[in-house]
Amino acid sequence: QVQLVESGGGLVQPVGSLRLSCAASGSIFSLNEMGWYRHAPGQERELVARATSGGSTDYADSVKGRFTISRDNAKNTVYLQMNSLKPEDTAVYYCHVVVATSPRSFMNTWGQGTQVTVSS
């Protein structure tokens, strides 16, 4: 079994910054893709950013140049640095990790979600 623990959400004013963290623990052989999704009221869940084990990254157009995803493989942790936040970034942010529990067994794992509210 694998657990993801998220932290770092909260209330911030427009143009402010926040950093989200997501730490994986449990039966981990390796961590493949690690990323962040968000779900705003009345909208579908969308990909924010993801990072592969090989170091490639991918971002939603709406956050390019403002958000940066990074991972610390030694700590099984993925981060999302969010700068120049806008009210439209308000959402529940979910960590997503593709975990290999063995060389041939993979799991899609989700965090519990952390609220990010951007408001003056």
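Read on for an overview of the structure.

1. Notes on the pattern of salt bridges
Close approach of charged atoms allows side chains with opposite charge to pair. Enumeration according to the criterion identifies five salt bridges in this entry. With a closest N to O distance of 3.0 Å, Arg38 and Asp89 form a salt bridge. Here Arg38, found in strand E4 (residues 30-39), pairs with Asp89, found in the loop between strand E8 (77-82) and strand E9 (91-102); they are 51 residues apart in sequence, far enough to count as distant. Asp89 carries the same exposure label as Arg38, and that label is buried. The residue Arg50 makes a salt bridge to Asp58 at a minimum N-O spacing of 3.1 Å. Owing to a relative accessible area of 29%, Arg50 belongs among the partly exposed residues under this scheme. Residue classification places Asp58 among the partly exposed positions, given a relative accessible area of 30%. Each of Arg38, Glu46, Arg66 and Asp89 takes part in a single network of salt bridges with overlapping partners.

2. Comments concerning the environment of Gly16
Here Gly16 lies in the loop between strand E2 (10-12) and strand E3 (18-26). When the C-alpha atoms of Gly16 and Arg66 are compared, they prove to be 11 Å apart, with 50 residues separating the residues in sequence. Filtering out sequence-adjacent residues up to four positions away, Gly16 remains in contact with Met82, Asn83, Ser84 and Leu85.

3. Observations regarding the nonpolar core
Residues Trp36, Val48, Phe67, Ile69, Leu80, Met82 and Tyr93 are the most contacted members of the largest nonpolar core, which totals 30 residues. Put simply, the parts of the chain that give this core at least two residues each are strand E1 (2-7), E3, E4, strand E5 (46-51), strand E7 (67-72), E8, E9 and strand E11 (114-118). Residue contributions to this core peak at five residues, all from E9.

4. Some thoughts on the state of the cysteines
By definition, a disulfide links two cysteine residues through a covalent bond between their sulfur atoms. Applying the stated criterion across every chain yields a total of one disulfide. Covalently, Cys22 is tied to Cys95 through a disulfide, its sulfur atoms 2.1 Å apart. The sign of the S-S torsion, about -80°, decides the handedness of the disulfide formed by Cys22 and Cys95: left-handed. On the criterion of sequence distance, the pair formed by Cys22 in strand E3 and Cys95 in strand E9 is long-range, its members being 73 residues apart. The burial state of Cys22 is the same as that of Cys95; both residues are buried.

Procedures and definitions
Residues numbered from 1 in each chain as written. Predicted model: local features only at pLDDT ≥ 70, side-chain atom pairs only at ≥ 80, totals over all residues. Heavy atoms only, no water. Salt bridge = Lys/Arg side-chain N within 4 Å of Asp/Glu carboxyl O. Helix = DSSP H or I, 4+ residues; strand = E, 2+ residues; numbered from the N terminus. Buried < 20%, exposed > 50% of the residue type's maximum accessible area, 1.4 Å probe, protein only. Contact = heavy atoms within 4.5 Å. Core = buried A, V, L, I, M, F, W, Y, C linked by side-chain atoms within 4.5 Å. Disulfide = S-S within 2.5 Å.

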